[in-house]
Structure formats: structure tokens, C-alpha cells
Amino acid sequence: AQSVTQLGSHVSVSEGALVLLRCNYSSSVPPYLFWYVQYPNQGLQLLLKYTSAATLVKGINGFEAEFKKSETSFHLTKPSAHMSDAAEYFCAVFGSARQLTFGSGTQLTVLP
Amino acid sequence: GAVVSQHPSRVICKSGTSVKIECRSLDFQATTMFWYRQFPKQSLMLMATSNEGSKATYEQGVEKDKFLINHASLTLSTLTVTSAHPEDSSFYICSPRTGGPGNEQFFGPGTRLTVL
């Protein structure tokens, strides 16, 4: 079985502040892990992915995530938030089920 | 990068009618197509998976006779919502993949269906 838990359905940060979106996963096999961003009424865009290479993964728009096996976590970070980062973010796991399972999503609000 | 289109982007229909949603992979061959639905403020839920030329495999709780999926070519898949009801109103997203499990899935821009 595989699952994803995103802690915090809503996160608010000030512009220029650190962004931290949390994701924990479970998988009975070594997983692939993904972060996607979704803007209103649009599909998903891939931010970054972990596929068993380097544990620190850098993605687009200044985002990065670190795979920590001991903590079964794959948290998403960005040093300095921009207004354009406001969106819904989904963590996803590809593991034992051999298909993507998505977390419940985190709505990021960036305050001026 | 991979380009995926969906048509229409928005559709409003009357209860009892059928609606067809097209998903095209414009610059790659989609050997597998995933269809998801997303209710407001919720995550994506997988509805069905289809491989080109084969019948779709539906997730538990998804009615195969209501949500007809055709994946007749490597660049086109369609989802037809038959006899639509208001509870079918949702955001439908296709996700093509080339190659086997573990390859990247791409996502269409989605179709907003509203059933009156």
C-alpha cells in the first residue's frame, strides 16, 4: 500500500519569507516522489521529482525538496516566497501500487 | 516539454445529456492514459487507466458504463460522461504517460463540467 499525508491544508507566508510545505509518505517499496503545483482551473505542473538519485532535489521556480527516508518525508521549501507562488501544491508518491497517489493538497497564500 | 490539450476547457450541460471530453498528447505518444476527477478544494482521484487499444481499468466505485473511456490511438483519448447528473459536476483531468510505470506522467489543463 502507499499513501501521502500533507500536513496543513492552508499555509500563509509573507512575501520574502521561507516557504515550507510538509509531505510524509508510506510505501512498501522505494518510492518515487513528486511535487506538483496547480493554479486555479488549470491542470498540474511538475515542480520537482525524486527518483532515487540525489536526496536533495531542485525544481523549477526556486523550489527544492529533500527526501529523508528515516523520516519518510519529502518536504518542499523555497527560501523566499513570491506573490506568484500562491497556488495549490500536491505531493504525490509512486510506489508499490505502481500508480500515482496524491496528497490532499496545501493551499499556499502569500501575503504582501 | 510535453504538451497535453483537453477540449472543451469548460462545459455546461443539462441533466441527462452526455458529454465527451477529448485529451490529446500533442508531441509524444501516450501508451497509457489516466483520467482523474477533482472536486473543489480536494485532491485528484484516479477514475480509470487505459492502455492504447485496450479496455480501460476502472477504480473501485467508478461506474464504467457511466464514464466511457476510449483510447483508440497513441495521441487521443476520450472520456464520455453519459446521462450526466449534477453530482457529476467536477474538474476532469487527463494524464498521459509514455512507456511503462515509473515514467513521467503529464497532465492536461482540465475540463470543468457543470451539470444543471
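Look above for the structure.
A quick note: this is a predicted structure, and the numbers were derived from the prediction, not measured.

Cut-offs applied
- Residues numbered from 1 in each chain as written.
- Chains lettered and ligands numbered in written order.
- Predicted model: local features only at pLDDT ≥ 70, side-chain atom pairs only at ≥ 80, totals over all residues.
- Heavy atoms only, no water.
- Helix = DSSP H or I, 4+ residues; strand = E, 2+ residues; numbered from the N terminus.
- Rg over C-alpha atoms; globule rule 2.2 N^0.38 Å.
- Buried < 20%, exposed > 50% of the residue type's maximum accessible area, 1.4 Å probe, protein only.
- Contact = heavy atoms within 4.5 Å.
- Areas by Shrake-Rupley, 256 points an atom, 1.4 Å probe, with all protein chains shown as cover.
- Lys, Arg positive; Asp, Glu negative; His and termini not counted.
- Charge placed at Lys NZ, Arg CZ, Asp CG, Glu CD.
- Buried area = accessible area lost by both parts, 1.4 Å probe.
- Salt bridge = Lys/Arg side-chain N within 4 Å of Asp/Glu carboxyl O.
- Polar contact = N/O pair within 3.5 Å; in protein donor to acceptor, adjacent residues only side chain to side chain.
- Nonpolar A, V, L, I, M, F, W, Y, C, P; charged D, E, K, R; others polar.
- Pairing = 2+ DSSP bridges.
- Core = buried A, V, L, I, M, F, W, Y, C linked by side-chain atoms within 4.5 Å.
- Phe/Tyr/Trp six-rings, centres within 6.5 Å; stacked < 30°, edge-to-face > 60°.

*Asks:* Can you walk me through the overall build of chain A in this structure?
*Replies:* Scanning chain A from N- to C-terminus turns up 0 helices and 12 strands. The order of helices and strands in chain A, counted from the N terminus, is β-β-β-β-β-β-β-β-β-β-β-β. Relative to the compact-globule value of 13 Å for 112 residues, chain A shows a C-alpha radius of gyration of 13 Å, a close match. Considered along the principal axes of its C-alpha atoms, chain A spans approximately 40 × 30 × 20 Å.

*Asks:* How should I be thinking about the overall build of chain B in this particular structure?
*Replies:* Scanning chain B for helices and strands turns up 0 helices and 10 strands. The N-to-C order of helical and strand elements in chain B reads β-β-β-β-β-β-β-β-β-β. A compact globule built from 116 residues should have a C-alpha radius of gyration of about 13 Å, and chain B, at 13 Å, falls within 12% of that. In terms of overall dimensions, chain B has C-alpha extents of about 40 × 25 × 25 Å along its principal axes. Taken across its 116 residues, chain B has 46% of its residues classed as buried. Sequence-distant contacts, at least 24 apart, represent 55% of the contacts inside chain B between residues at least 6 apart. Total accessible area computed for chain B in this model is approximately 5,700 Å², and 52% of it derives from carbon and sulfur atoms. Here chain B contributes 11 positively and 9 negatively charged side chains, and the mean placements of these two sets differ by 6 Å.

*Asks:* For this particular structure, what's the right way to read the interface of chain A and chain B?
*Replies:* It is common to report an interface's size as the accessible area lost on association of the parts. In this assembly, 17 residues from chain A lie in contact with 19 residues from chain B. Buried area between chain A and chain B, summed over both chains or domains, comes out near 1,500 Å², and the portion from carbon and sulfur atoms is 53%. B:E104 is the salt-bridge partner of A:K49, the closest N and O atoms lying 3.3 Å from each other. Inspection of the region where chain A meets chain B yields 4 residue pairs in polar contact (both at pLDDT 80 or more). Residue assignment for the side of chain A that touches chain B shows that the elements contributing at least two residues are strand 5 (32–38), strand 6 (44–50), strand 10 (87–94) and strand 11 (100–102) of chain A. For the side of chain A that touches chain B, the class distribution of residues is 8 nonpolar, 7 polar and 2 charged.

*Asks:* Mind showing me how you'd approach the sheet that holds strand 5 (residues 44–51) of chain B here?
*Replies:* Within a sheet, each strand pairs with its neighbour through backbone hydrogen bonds, oriented either parallel or antiparallel. Residue and element names in this part refer to chain B. Pairing in this open sheet of 6 strands is mixed, and the strands run 2-10-9-4-5-6 from one edge to the other. Where the open sheet ends on each side, the last strands, each with one partner, are strand 2 (10–13) and strand 6 (57–58). Bridge count for strand 4 (residues 32–38) against strand 9 (residues 90–97) is 7 bridges, and the pairing is antiparallel. When the sheet's bridge partners are listed, Q38 is paired in strand 9 with F91.

*Asks:* Looking at this structure, how should I read the nonpolar core?
*Replies:* Looking at soluble globular proteins, one finds that nonpolar side chains tend to be buried together. Formed by 26 residues in total, the largest nonpolar core has its most connected members in A:W35, A:L48, A:F74, A:L76 and A:Y89. Broken down by secondary-structure element, the contributors of at least two residues to this core are strand 2 (10–14), strand 3 (19–21), strand 5, strand 6, strand 8 (64–68), strand 9 (73–78), strand 10 and strand 12 (106–111) of chain A. The leading source of residues in this core is strand 10 of chain A, at 4 residues. Apart from residues no more than four positions distant in its own chain, A:F74 is found in contact with A:C23, A:L33, A:F34, A:W35, A:L48, A:Y50, A:V57, A:A65, A:E66 and A:F67. Ranked by size, the runner-up nonpolar core spans 22 residues in total, among them B:C13, B:W35, B:A56 and B:L113.

*Asks:* Can you help me understand the packing of aromatic side chains in this one?
*Replies:* Two aromatic rings, taken as a pair, are described by how far apart their centres are and by the angle between their planes. Here the structure, examined in full by the defined rule, presents 13 aromatic pairs over all chains. Summarising the aromatic geometry, the rings of A:F34 and A:Y36 are spaced 6.0 Å apart at their centres and angled 20 degrees between planes, so their arrangement reads as stacked. Through a chain of ring-to-ring contacts, the aromatic side chains of A:F34, A:Y36, A:F102, B:Y36 and B:F107 assemble into a single cluster.

*Asks:* Looking at this model, I keep getting lost on the side chain of B:T111. Mind explaining?
*Replies:* Residue and element names in this part refer to chain B. Residue placement: T111 occurs in strand 10 (residues 111–115). A distance of 3.1 Å separates a polar atom in the side chain of T111 from a polar atom in the side chain of Q6. If we ignore the near neighbours within four places in the chain, the residues touching T111 are Q6, P8, S9, V11, I21, S90, F91 and Y92.

Everything listed here is a matter of coordinates, which is why it stays silent on function.
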